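# Chain and residue survey
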Amino acid sequence: MTELSPYHEDQELDNNASNNEHFRDILEQRISRRSLITKTASGAVALALASSLTGCGSDDDGNASTTPPADPAEKPKKLTFKPVSKNLDDIVTVPEGYQASILYAMGDPINPAYAAWDDNNVPKGPSFMYRSGDCHDGMSYFGLNSNALNYDANASERGLLVMNHEYINPTFLHPEGPTKVNGRRPEEEVIREVNAHGVSVIELKKDKATQKVEIVKNSLFNRRITASTVMEFAGPAAGSALLCTRFSPAGRQTRGTHNNCGNGYTPWGTYLTTEENFIGYFQRSGSDEYERTPEEKKALKRYGLSLSIDYLYEKNPDGSPKKNAKGEIIYVLDQQGKKIPNLDDQDRVAYLDKNSRYAWETAQGSYYAQDMYDRWTADVTADEADQDYRNGPNTFGWIVEIDPFDSRSNPVKRTALGRFAHEDCRASRLRADDNLAFYMGDDSRGEYIYKFVSDQKWDAKDVNGGYAAGDKYMNSGKLYVAEFNNDGTGQWIELAYGKNGLDEGSSAYPFESQADIVTFARLAADEVGATRMDRPEWVAVNPENGEVYVTLTNNSNRGTAHALDAANPRNYSDPEGGKGNVNGHIIRFRETGDTTTAESFTWDIYLFGAEASMAENINLSGLNDNNDLSSPDGMWFDPRGVLWIQTDDGAYTDTTNCMMLAALPGQVGDGGQVKTSSNIDTFAGAQVNDENLRRFLTGPKECEITGVTMTPDYKAIFINVQHPGEDSESYDAPTSHWPATQTDSGNTTARPRSATVVITRKDGGVIAGA
Ligand code: FEO
Ligand code: CA
Ligand code: CA
Ligand code: CA
């Protein structure tokens, strides 16, 4: 198999073949508790208030906070830290006066019974149930109330840090890289890989005087959620036939979460993890194409699990494709996927010579039952769907709620929020007079932006409500997809059974229920004509005005397979090769009437990624050497209103490693109309300068910077370094030695490992403060 080479996100296929309209086509056609919460900006500030106010109440759940919190640090008027220069150093570089420490690296134990990581003695697979997973990604800090042992949004000295482990870098996870024996992955390696996925919950303590942050290794809160942890389903698809498997014939449970990328958190104190490129973990055999209904094939194809016709050939004894007299491969199926009639089924070897990304389905169960590995083969192998894993892929691609304070209950997959390549899930501003909403991106080329509007308005009494609060806010509501118009406005189109043409007669898929719609949300969005975007990654909500920002990281197909439009307006060449929207952009929108229930919005493009030296009609935001960036991905508004922007780049990496910048944005409409180098008119935010956008840090070699959160006192900021040295060809020839290089700049032997970094000021001051 070739899949053992490092996985890159850009390898994900574009599966959106809809003909949805683009802007260009259109163009050418032509202090009471309540009021305090209400007025509060949002995010963690509002959360802090809500939490402490709840603590004052008679319905107190044990929150010890009895006085209003100290005023959170004010939003800085301008950025004054010394910007970090672009560089290719194998280290995390932070501004003068700041210090970066490694907190939690791949393989580090979360329980004192397990030995420290040792490059030369890689721990056994099962021990990764008690060790850090790989490829750290989205992350949130939850203050811990020392008396009640529950959520306290004001607590900075004690808290739980919760983070995703998106995927793995098998080259460095195993003693000598990944192996295969007689076509099968060794079970020991597969267990290590499954356990290195998922989520970590770790307790932290911070010294009030020095700001030094450490992991509390013997905390009862420390735990790992992996790609085999049992999870519940809730919402419209729970219990539907689409989710039934041999593991859960009733369609109420599944095992594991994987490819957890961006994240989110709820105002009641739970963590939201996202299932992004989940589909590549499943294998389908060529013969399965004969077993599926046309509807099933439509859905499998739209989610990237169609069979590649190229692989469906007759096979010679050595495995090579059999050819006819003309030297052409003899296909079992024709190019339309139809059976070739004059071949005898008996003689055919419908053969898909391709395992899933990590080939977990090939393991032979000894430590675990075989069923643990069979579940990765999404073939029809039995009479009924509750006897095999044909529906396995339908049990992933959801938003998963995890209560870090409750280790007894199973995490819950919230199906009302739809199934797609989820990246990030951000709560709206907290207002007692507005419905709670969650904004989400589907990260693939040409995919969509969604929102889920809860039927419920936020009630601060629900802080510390756990999964019951999740049931209240996340099981019933309206799912929408965004359509951007070329005039700077847009619509939210509801994805509901029986509305907007979503029913048995839809051309995209014969929807029979809301369960069908949420499970195949991409097909529903195709049907209603949503706008195909340049890979929607993270979402951030501005606490000052509720505006919603979405990173559109890049799109090599923009201007070719995906037509240009005002919201995705650039197609140009990178000096080092590559075309399309090379450096990405950040779009933002404001709901009409500033209410989450609005079905329309206005938008502009806050920021265009570019190299500082590029032409003005590409570098449309006026970036300079202190703030130029490429491929924005991770993004978060801290509660003061500072926007943190992180990059996952391949287009500017000849000049600089990936980075994080701090920003102080204005609002939708603060710029004006511009024309891109592709001659597309669009709406740009005000040009930036280096007082309102500057580079805060750079990462080590071949990494992505992703995941950002802070303690509520703004004195410690956490970021993740994902996959340093990811282009290394072998475990014994690493191209990065980070994190060892952070303290030992001359290290030339250590394995690179993904890790969480905590950054504090040497004077103990506020991050990005005065
Ligand atoms: Fe996992 Fe879309 O980044
Ligand atoms: Ca990402
Ligand atoms: Ca990315
Ligand atoms: Ca470049």
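Scope of this entry: the structure provided in the associated data block. Because the structure is a prediction, the values reported are computed rather than measured.

### So, the environment of R390
- Tracing the chain through its elements places R390 in the loop between α7 (371-374) and β11 (399-402).
- In this structure, the C-alpha to C-alpha distance between R390 and A378, residues twelve residues apart in sequence, is 4.3 Å.
- A polar atom in the side chain of R390 sits 2.9 Å from the side chain of D388.

### Thoughts on empty space enclosed by the protein
- Size it by volume and the second largest cavity reaches roughly 110 Å³.
- In this structure, the second largest cavity is lined by 14 residues; those nearest its centre are R429, D434, G546, D594 and T596.
- Split by residue class, the lining of the second largest cavity holds two nonpolar, five polar and seven charged.

### Notes on the coordination of the calcium ion (ligand 2)
- Protein coordination of the calcium ion (ligand 2) is provided by E423 (OE), E537 (OE), D633 (OD) and D633 (OD), with donor distances spanning 2.2 to 2.7 Å.
- Within one chain, the residues donating to the calcium ion (ligand 2) are spaced in sequence as E-x113-E-x95-D.
- Between the calcium ion (ligand 2) and the calcium ion (ligand 3), a separation of 3.4 Å is found, and both are coordinated by E537. One end of the pair, E423, is in strand β13 (residues 422-427); the other, D633, is in strand β24 (residues 632-637), with 210 residues separating them in the sequence. Like E423, the residue D633 is buried in the burial classification.

### Topic: the nonpolar core
- Formed by 124 residues in total, the largest nonpolar core has its most connected members in F438, L495, W644, F696 and I759.
- Among the nonpolar cores identified, the runner-up in size contains 24 residues, and I449, M533, V550 and L552 belong to it.

### Here's the deal with the pattern of salt bridges
- Within this structure, the stated rule accounts for 44 salt bridges.
- Between E447 and R302 there is a salt bridge, with its nearest N and O atoms 2.9 Å apart. Residue E447 is located in strand β15 (residues 445-447), and its partner R302 is located in helix α6 (residues 294-302); the two are separated by 145 residues in the primary sequence.
- Residue classification places E447 among the buried residues on the basis of a relative accessible area of 0%.
- Residue classification places R302 among the buried residues on the basis of a relative accessible area of 5%.
- Of the charged contacts, one joins D763 and R761 as a salt bridge, the two residues approaching to 2.9 Å between their closest N and O atoms.
- Here R761 falls in the buried class, since its relative accessible area comes to 12%.
- When salt bridges with common partners are traced through the structure, they connect R302, D442, E447, R522 and D526 into a single cluster.

### So, helix α8 (residues 466-474)
- Among all positions in α8, only G466, Y467, A469, G470, Y473 and M474 are buried. The buried residues of α8 occupy an angular sector of 150 degrees when the element is viewed end-on, so they sit on one face.

### Describing unusual backbone geometry
- Cis geometry marks the peptide bond from W738 to P739; its omega dihedral reads 15 degrees.
- Its location among the elements puts P739 in the loop between β31 (716-722) and α11 (740-743).
- For C135, which is not glycine, the phi dihedral falls at a positive 45 degrees.
- The residue C135 is located in the loop between β1 (98-105) and β2 (136-143) in this model.

### Focus on the pairing of β13
- Judged by how many residues are buried, β13 sits mostly within the fold: six of six residues are covered.
- In the sheet, β13 pairs with strand β14 (residues 435-442) via five bridges, with the strands oriented antiparallel. By the bridge assignment for β14, C425 is matched with M440.

### So, the sheet that holds β1
- One open sheet accounts for four strands, arranged β1-β32-β31-β30; its pairing is antiparallel. At either margin of the open sheet sits one strand with a lone partner, and together these are β1 and β30 (704-710). Here the average twist between neighbouring strands, direction ignored, is 25 degrees.
- Bridging between β30 and β31 involves six bridges; their strand directions are antiparallel.

### Details of the side chain of E611
- Mapped onto the fold, E611 is located in the loop between β23 (600-608) and β24.
- Here E611 is buried and forms no salt bridge, its nearest opposite-charge partner K86 lying at an N-O distance of 7.7 Å.
- Apart from residues no more than four positions distant in its own chain, E611 is found in contact with D574, P575, E576, N583, N619, D628, A651 and Y652.

### Details of the sheet that holds β24
- Spatially, β24-β25-β26-β29 is the arrangement adopted by the four strands of the open sheet, whose pairing is antiparallel. Among the strands making up the open sheet, the edge pair consists of β24 and β29 (693-698). Direction aside, neighbouring strands of the sheet carry axes that sit 25 degrees apart on average.
- Here strand β26 (residues 659-663) runs beside β29; their pairing, made up of five bridges, is antiparallel. Opposite L661, over in β29, you have R695 as the bridge partner.

### Quick word on the pairing of strand β7 (residues 230-234)
- Pairing of β7 with strand β8 (residues 253-255), which is carried by three bridges, proceeds in the antiparallel orientation. Counterpart to M231 in the pairing with β8 is T254.
- Taken together, the three bridges between β7 and strand β12 (residues 412-414) define a ladder with parallel strand orientation. Across the sheet, the residue bridging to E232 is V412, located in β12.

### Some remarks on the packing of α6 against helix α10 (residues 521-528)
- Contact pair α6 / α10: the axes reach a minimum separation of 9 Å and the direction vectors enclose 90 degrees. One way to sum up the angle between α6 and α10 is to call them roughly perpendicular. Seen from α6, the contacting residues are K298, A299 and R302; seen from α10, they are R522, L523 and D526.
- Its residues placed into classes, the contact of α6 with α10 shows two nonpolar, no polar and four charged.

### Overview of the environment of Q283
- Inspection of the secondary structure puts Q283 in the loop between β10 (271-275) and α6.
- A residue is classified by how much of its surface remains accessible, and Q283, at 10% relative accessible area, is buried.
- For the pair Q283 and P393, spaced 110 residues apart in the sequence, the C-alpha separation amounts to 9.6 Å.

Conventions and cut-offs
Residues numbered from 1 in each chain as written. Chains lettered and ligands numbered in written order. Predicted model: local features only at pLDDT ≥ 70, side-chain atom pairs only at ≥ 80, totals over all residues. Heavy atoms only, no water. Helix = DSSP H or I, 4+ residues; strand = E, 2+ residues; numbered from the N terminus. Polar contact = N/O pair within 3.5 Å; in protein donor to acceptor, adjacent residues only side chain to side chain. 1 Å grid on protein atoms, 1.4 Å probe; cavity = no way out; pocket = protein on both sides within 12 Å on 5 of 7 lines; lining within 4 Å. Points joined across faces, edges and corners; volume = space filled by probe spheres on them. Nonpolar A, V, L, I, M, F, W, Y, C, P; charged D, E, K, R; others polar. Donors = N, O, S within 2.8 Å, 3.2 Å for Na, K, Ca; no water. Buried < 20%, exposed > 50% of the residue type's maximum accessible area, 1.4 Å probe, protein only. Core = buried A, V, L, I, M, F, W, Y, C linked by side-chain atoms within 4.5 Å. Salt bridge = Lys/Arg side-chain N within 4 Å of Asp/Glu carboxyl O. Arc of directions from axis to C-beta. Pairing = 2+ DSSP bridges. Axes fitted to C-alpha atoms, helices over the stretch in contact; angles between N-to-C directions. Lys, Arg positive; Asp, Glu negative; His and termini not counted. Contact = heavy atoms within 4.5 Å. Parallel < 35°, antiparallel > 145°, perpendicular 65-115°, else oblique.

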